[in-house]
Each structure stands twice: as structure tokens, then as C-alpha cells.
Amino acid sequence: MIDEDFYIEETSSLKVFLVSLLVLFILGVFAGLYYFYFYYNDVKLKDITIELGNSVFYDIDKYIIDHKNETYKIDMSNISVDEKGNTNSVGEYSYLVYIGKEIKKGKVYVKDTTPPIVELKELIVGLNEEFEPDDFLASCIDLSQVCHVNYIKETDENLNATVGEYTVTLEIKDKYDNITKKKTKLIVSETSSLSAIKASDMEISSIYPIDNDWNKVFTIKFIKGISEQDNTFEQKILEITNFDFSSLFEDKIKNQTLLTVYNKYNYVIGFSVKLEFDNDKIIYVTENEYKSL
């Protein structure tokens, strides 16, 4: 005969033991997982996006998932930046994180999502005179350095067929399809001419090739600006490039450069000849010197 009281007591003790063992096992598993993830799990890096023109940031917390109490070093030298540390080129770049002797590589995407900053001007054209959407552009600032100007309504390019004042809406788009839309005015006149306005502007806007030392001395200066498609443009280039400038100076010329001078409408307002001598002297030939022969 089985002692029932003894059996129940023995069974209860065994249950308690097994339950305690199971609890300890579960706690051990959680402790192991905690230890693994917080001390042995690989550091994970984030993919970062930076707007073109913004500075590169060096806060390690922005790049690392599951930050641990370790010493990190970050290397951002692969990213193209200007002298101020601002991103200056769109693209995909890598960055490196040093964790002791281990090196991890992450990605940085530099993107341009900012539309151009645009100023438009009113445009006056003659009746049936051709003009381009770019003619409305006073300035366009964009870090991608490209501004494409188009009409919202294609029919606006035919407004020159009738005298009057018109509102024109333009779309200005950069290299990465960021768009600015602006309105301006077109005036079609029987008494005015866009080409005459462009030609009458004799203010220096740029020179080609760029020469930061140019002293604004002209060798040939036109009475009014001319287009590069004008026959006079080619004639003057041939004339000046075939001229023997060595007859004007005793020193030996080692290099001769023709600078083309433009107004803001890209009309040519003159030329300047730069002479470099063997003795390292540099001069820009004046109109009087050129005309003297």
C-alpha cells in the first residue's frame, strides 16, 4: 500500500525543482542574448543623405545603429567638399568607421533637391523679332550650375507676332530636375529692338579665356556689341591673330593670348591681346599701340 501523503509531498518538491530549473534556463538564455547583442554583436552603420551644399557632419551617433560604449573614429575624406567643408558634388560616397582594429564601411548620398534661385526681367522685343527663354533670365543661382529655361505655354514663343504687353510664365530647371516657376512681362514694340538693346550695352561682364590679371585694356573695342555669328567677329579674329606684334616691342615674345570681352548678353564688345615676354614681363596691347601700325 502506497503512503498517499508521502507521494504528494515528493511530487510537489520535484515540480518545484523542475520549475526552478526552467526559470533559471530561461533567465540564462536572456542573459546570453543580452550579452551577445550588447557586447559581441556587429556594429551596424546607417546610410546617410546630405543635401548638396550642406556641411558634412561628424557626430558618430548619426552614423551608427546600436551605439556601444566604445571608442570610434570616423573617416569622411572620400566625400567631395569645398574649402568650407560643404558638399560640392552630387554622388554616392563611402565613409569609414574604425572600431579598435575593425573597419566598417557605410554610404553617404549627396543629393540636390533644391530648386534654382531665379530672378527674371521684363523683356522688350521688336515686332516679329526672335528671342529665347534665356533672354528673360536676370540671374540663376544653383549649386549644380545649370539652368534650363522653358515656357510653360509653348505658344508664348509666338507672342512677338503682335504688338502688346504679355505675361509669360517660365519654368527654370536645374540638372537634377528641381524646378522653379516664375512670371514676367514681355513687351512687343514696333519701335524697339532686343538686338539693339543687347548691342548697346558696352559694360564688361566676362572675358574668355578667364584672366584674373587683365587690366581692362582693349586692343580692339567695337562701337557696339556684336554677336559671334556676325561676320565682323571672324574678320577681326583673323586680323588680330595674323598681326605681327613683335614689330612693336624689342623684347622677345614667348606667348600671345587673345582675350574676347563680352557684355551681359554675351555680345562681343572687343578684344584684348596679352603678350608674355622672355623676361617674364606681361603687357596688354592698347588700341593706340595696335593702330600705330
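Here the structure is a predicted model, which means the values were calculated and not measured.

Rules behind the numbers
- Residues numbered from 1 in each chain as written.
- Predicted model: local features only at pLDDT ≥ 70, side-chain atom pairs only at ≥ 80, totals over all residues.
- Heavy atoms only, no water.
- Phe/Tyr/Trp six-rings, centres within 6.5 Å; stacked < 30°, edge-to-face > 60°.
- Buried < 20%, exposed > 50% of the residue type's maximum accessible area, 1.4 Å probe, protein only.
- Patch = residues over 30% accessible without salt bridge, like charges linked within 9 Å, V, L, I, M, F, W, Y side chains within 5 Å.
- Areas by Shrake-Rupley, 256 points an atom, 1.4 Å probe, with all protein chains shown as cover.
- Salt bridge = Lys/Arg side-chain N within 4 Å of Asp/Glu carboxyl O.
- Lys, Arg positive; Asp, Glu negative; His and termini not counted.
- Charge placed at Lys NZ, Arg CZ, Asp CG, Glu CD.
- Helix = DSSP H or I, 4+ residues; strand = E, 2+ residues; numbered from the N terminus.
- Contact = heavy atoms within 4.5 Å.
- Disulfide = S-S within 2.5 Å.
- Pairing = 2+ DSSP bridges.
- Axes fitted to C-alpha atoms, helices over the stretch in contact; angles between N-to-C directions.

Once that is clear, we can look at the packing of aromatic side chains. Scanning the model with the defined rule gives 10 aromatic pairs in all. Both rings, one in F57 and one in Y63, keep their centres 5.5 Å apart while their planes meet at 40 degrees; by these two values the pair is tilted. Classification of F57 as partly exposed rests on a relative accessible area of 26%. According to the relative accessible area criterion, Y63 is buried, its value standing at 0%.

A cluster of acidic residues, E130, E132, D134, E154 and E157, forms a negative patch on the protein surface. You can see E132 is positioned in the loop between β8 (123-126) and β9 (137-141). A relative accessible area of 49% means that E132 is categorised as partly exposed.

Looking now at the environment of V146. Structurally, the position occupied by V146 is in the loop between β9 and β10 (148-151). Sequence-wise, V146 and D174 are 28 residues apart; in three dimensions their C-alpha atoms are separated by 5.3 Å. Contact partners of V146, with chain neighbours within four places excluded, come to K173, D174 and K175.

What follows concerns the pattern of salt bridges. Evaluated as defined, the whole model comprises 9 salt bridges. Measuring nitrogen to oxygen at the nearest pair gives 3.6 Å for the salt bridge that ties E92 to K107. Here E92, found in strand β5 (residues 91-99), pairs with K107, found in strand β6 (residues 102-111); they are 15 residues apart in sequence, far enough to count as distant. Each of E122, E165 and K185 takes part in a single network of salt bridges with overlapping partners.

By definition, a disulfide is the covalent link that joins the sulfur atoms of two cysteine residues. All told, the structure shown has 1 disulfide when counted by the stated rule. Across the disulfide from C140 sits C147; the S-S distance is 1.9 Å. A torsion of -80 degrees about the S-S bond marks the disulfide between C140 and C147 as left-handed. A relative accessible area of 23% places C140 in the partly exposed class. Exposure remark for C147: the relative accessible area of 24% places this residue in the partly exposed category.

Attention now moves to the sheet that holds strand β12 (residues 179-189). The mixed open sheet is built from 4 strands, whose spatial order is β8-β12-β11-β10. Across the chains shown, the open sheet's two edge strands, defined by having one partner strand only, are β8 and β10. Across the sheet, the axes of successive neighbouring strands diverge by a mean angle of 40 degrees, strand direction being ignored. The pairing of strand β11 (residues 164-173) with β12 spans 10 bridges and is antiparallel. Within the sheet, the bridge partner assigned to K173 lies in β12 and is I179.

This brings us to the sheet that holds strand β2 (residues 48-51). Pairing in this open sheet of 4 strands is mixed, and the strands run β2-β6-β5-β4 from one edge to the other. Here the strands that pair on one side only, and so sit at the sheet edges, are β2 and β4 (72-75). For this sheet the average axis-to-axis angle between neighbouring strands, irrespective of direction, equals 30 degrees. For β4 and β5, the ladder comprises 4 bridges, and the chain directions are antiparallel. For K73, the partnering residue across the bridge sits in β5 and is Y98.

Once that is clear, we can look at the side chain of T219. Topologically, T219 is positioned in the loop between β13 (206-208) and β14 (220-226). In contact with T219, other than residues within four places in its own chain, are I240, F271, S272, V273, V285, T286, E287 and Y290.

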